[in-house]
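These are the residues of each chain, in order.
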Amino acid sequence: MKFIVSSSALFNRLQTIGRVINSKNTIHILDCFLFEIKNNILTITASDSETTLITTLELIESEADARFCINAKTIQDSMKEIAEQPLSFDINPENMDITANYMNGRFNIVGQNADEYPDMQISQEDMNVLVMPAPMVLNGINRCLFATADDELRPVMNGVYFDIQTDNITFVSSDGNKLVRNRNYGINGDQPASFILPKKPATILKNLLQKEANDITLKFNNRNAYAEMESTRLICRLTEGRYPNYNSVIPTNNPYKVTVDRITMLSALKRVLIFSNQSSSLIKLHLENNQMVVSGQDIDFSTSAEESVPCEYTNYPMNIGFNGTYLADILNNIGGENVIIELADPSRAGVIVPDGQDDKEDLLMLLMPMMLND
C-alpha cells in the first residue's frame, strides 16, 4: 500500500499533536501515532489516554484505505531535516515494514498493528455546545494558566475553571496564593454551566489556539470535553469535583488605590528580588506621597535593595508585604500600560486590575499578602 504526502505539512501536524504524548506511557502503543487513511484523507491521532489530539490532512495520492501505527519519536526525528517535497510511504501490511522515499534518499521503520490502539472517541450526545472566537478563548486561558496549582490533594485547583453564564464566560484559576478571574462579556452560553479543564489539555489548547483565527466549537458534559478547530480536534477528560466559590475570597471594599506604570514596577521588582530572601521572596511595598518604595532583604547573606517607583497614591502611608515572584508573575500576565492595585490593609489580599479595561472584559488578579517583620 502506498501514499504520498507533503513532507512539511505532515511534519507540522506531527509536531502539533505530538505534544500530548508522555515520555513514559503505561500502555506501550501510546508511544505511537495512529495513522488512518480513508478517501485520500490522512487522520493522525496522538494520546496519553486522558487527552487525545486528532488532526486531518489531505494526501497528494493514496492507493487504498489503511490503518497502522508508527513510533512518534522515530517518525518525528527522521523527518526533522527533510525539506519540503513529496514524501512517498510504502507499507507492507504483512510485516508492517514501512519505507519512506524522498528526493535524495529513504528511511525504513517498522510500524505496529493499529488494532492495538485504544478507541479514544467519545459520545457527543447530551453535550453542551459553545461556539466561541478562538482569540477570546486563547486570551482567557492564557491569562489563567500561570495561577493554576500543582496540588495532588486538591486536583480541582490544578486547572482552568470555565464558569458559563447567559451573559458572559468567566475563566478562573487559583493556587491559594494568587487568583485570576477573567470575565468576558463577548461570549456566553445558552444556560449556566461549568467545568474544570486540567492544566495539560489547557496548555495544549492554548498552543493550538495561537494558530487559529476562526471560531472554536467546544462541547462538554460532566466527564469529557471536545474542542474542534479548523484542522485539529482535542478530546480530554475533565477534572471531577466542585470548584471553590472564587467570588467569596475577593475583597469588595478596597479604599486605598495605587496607580502605577506596570513595566516600571515590574523592572524594579525584578532587580530588588535578586537581593530578597530566596526561600520566601518577600518584598515590601511602602506607599506614601505618590511614591512606591520596593524593598527586599536577605538577613542570612546581609544583602538588601530598594527602589523608588513613582505612582498615584495620596492616602495614609502603608507597608504591605507580598511574594515578589508571584507579584512579578501577575504583572507579566495582566497586560496594559498602567495597573491599579487596590488595598484595604496589610493583612488583606491585594486586588490588581488593568487601568482602563475594555467594556467586554473584566480582568482581576488577586494576591495574598505576607507578614512583615517590622
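Scroll up to find the structure this text is about.
Residues numbered from 1 in each chain as written. Predicted model: local features only at pLDDT ≥ 70, side-chain atom pairs only at ≥ 80, totals over all residues. Heavy atoms only, no water.

*Asks:* Describe the overall build of the protein, naming the residues involved and giving the relevant values.
*Replies:* Broken down by element type, the protein carries six helices and 25 strands. With the C-alpha coordinates of the protein rotated into their principal frame, the extents come out at 80 × 50 × 35 Å. For the protein, with 374 residues in total, the buried portion stands at 52%. A total accessible area of about 18,200 Å² is found for the protein, and carbon and sulfur atoms account for 45% of it. (Helix = DSSP H or I, 4+ residues; strand = E, 2+ residues; numbered from the N terminus. Buried < 20%, exposed > 50% of the residue type's maximum accessible area, 1.4 Å probe, protein only. Areas by Shrake-Rupley, 256 points an atom, 1.4 Å probe, with all protein chains shown as cover.)

*Asks:* Residue-level account of the side chain of Lys-178, with values.
*Replies:* Note that Lys-178 resides in strand β13 (residues 178–184). Side-chain polar atoms of Lys-178 contact the side chain of Asp-175, separated by 2.6 Å. If we skip the residues at most four places from it in the chain, Lys-178 touches Phe-146, Ala-147, Ser-173, Tyr-326, Asp-329, Ile-330, Leu-366 and Leu-367. (Polar contact = N/O pair within 3.5 Å; in protein donor to acceptor, adjacent residues only side chain to side chain. Contact = heavy atoms within 4.5 Å.)

*Asks:* Tell me what's going on with the nonpolar core, and back it up with residues and numbers.
*Replies:* Counting 99 residues, the largest nonpolar core has Leu-10, Phe-33, Phe-68, Phe-89 and Met-292 as its most contacted members. Of all the elements, helix α5 (residues 262–273) adds the most residues to this core, at six residues. By size, the runner-up hydrophobic cluster in this structure holds 16 residues, among which are Ala-149, Val-172, Tyr-246 and Ile-250. (Core = buried A, V, L, I, M, F, W, Y, C linked by side-chain atoms within 4.5 Å.)

*Asks:* So what's going on with the pattern of salt bridges? Residues and values would help.
*Replies:* Summed over all chains, the structure comprises 13 salt bridges. Asp-115 serves as the salt-bridge partner of Arg-67, at 3.5 Å between the closest nitrogen and oxygen. Of this pair, Arg-67 sits in strand β6 (residues 66–71) while Asp-115 is found in the loop between β9 (105–110) and β10 (128–133), placing the two residues 48 residues apart along the sequence. For Asp-175, the salt bridge is made with Lys-178, and the minimal N-O distance between the two is 2.6 Å. Across the pair, exposure class does not vary: Asp-175 and Lys-178 are buried alike. (Salt bridge = Lys/Arg side-chain N within 4 Å of Asp/Glu carboxyl O.)

*Asks:* So, the sheet that holds strand β7 (residues 86–92): which residues are in play, and what are the values?
*Replies:* Spatial strand order, β5-β1-β7-β8-β9: five strands in an open sheet with antiparallel pairing. At either margin of the open sheet sits one strand with a lone partner, and together these are β5 (61–62) and β9. Here β7 pairs with strand β8 (residues 97–102) via five bridges, running antiparallel. The partner of Asp-90 across the bridge, within β8, is Thr-99. Taken strand by strand, helix α1 (residues 7–18) contacts β1 (2–6) and β7, and its axis lies near 85° from that of β1. (Pairing = 2+ DSSP bridges. Axes fitted to C-alpha atoms, helices over the stretch in contact; angles between N-to-C directions.)

*Asks:* Talk me through the state of the cysteines; I want residue IDs and the actual numbers.
*Replies:* Inspection of every chain in the model, using the stated rule, returns zero disulfides. Take Cys-144: it sits in no disulfide, and the sulfur closest to it among the cysteines is that of Cys-236, at 16 Å. Overall, Cys-144 belongs to the buried group, its relative accessible area being 0%. (Disulfide = S-S within 2.5 Å.)

*Asks:* Go over the side chain of Asn-277, please, and point to the residues and values.
*Replies:* Structurally, Asn-277 is set in the loop between α5 and β19 (282–288). Residue Asn-277 is classed as buried on the basis of its relative accessible area, which comes to 19%. In this structure, Asn-277 is in contact with Leu-282, Gln-297, Asp-298 and Asp-300, ignoring residues within four places of it in sequence.

*Asks:* Could you give an account of the packing of α5 against helix α6 (residues 324–334), with specific residues and numbers?
*Replies:* Interhelical geometry of α5 versus α6 gives an angle of 150° and a closest axis separation of 10 Å. By the angle class used here, α5 and α6 are roughly antiparallel. Considering only the axes of α5 and α6, their crossing is left-handed. From α5, Arg-262, Met-265, Leu-266, Leu-269, Lys-270 and Leu-273 reach across to α6, where they touch Gly-324, Thr-325, Leu-327, Ala-328, Leu-331, Asn-332 and Ile-334. Partitioning the contact of α5 with α6 into residue classes produces eight nonpolar, three polar and two charged. (Parallel < 35°, antiparallel > 145°, perpendicular 65-115°, else oblique. Left-handed = near helix turned anticlockwise from the far one by under 90°. Nonpolar A, V, L, I, M, F, W, Y, C, P; charged D, E, K, R; others polar.)

*Asks:* Mind laying out unusual backbone geometry, listing which residues take part and the relevant values?
*Replies:* One non-glycine residue, Asn-39, adopts positive backbone phi at about 55°. Among the structural elements, Asn-39 can be located in the loop between β2 (32–38) and β3 (41–47). One non-glycine residue, Asn-40, adopts positive backbone phi at about 65°. Along the chain, the position of Asn-40 falls in the loop between β2 and β3.

*Asks:* Describe the packing of aromatic side chains, with residues and values.
*Replies:* Scanning the model with the defined rule gives ten aromatic pairs in all. Between the aromatic rings of Tyr-161 and Tyr-246, the centroid separation amounts to 6.2 Å while the plane-to-plane angle is 65°, which identifies the pairing as edge-to-face. Linking Tyr-161 in strand β11 (residues 159–164) with Tyr-246 in the loop between β17 (232–237) and β18 (256–261), this pair joins segments that are 85 residues apart in sequence. Their ring planes at 15° and their centres at 4.5 Å tell us that Phe-162 and Phe-195 sit as a pair that is stacked. Taken as a pair, Phe-162 in strand β11 and Phe-195 in strand β14 (residues 193–198) lie far apart in primary sequence, 33 residues in all. There is no split in this pair, since Phe-162 and Phe-195 are both buried. (Phe/Tyr/Trp six-rings, centres within 6.5 Å; stacked < 30°, edge-to-face > 60°.)

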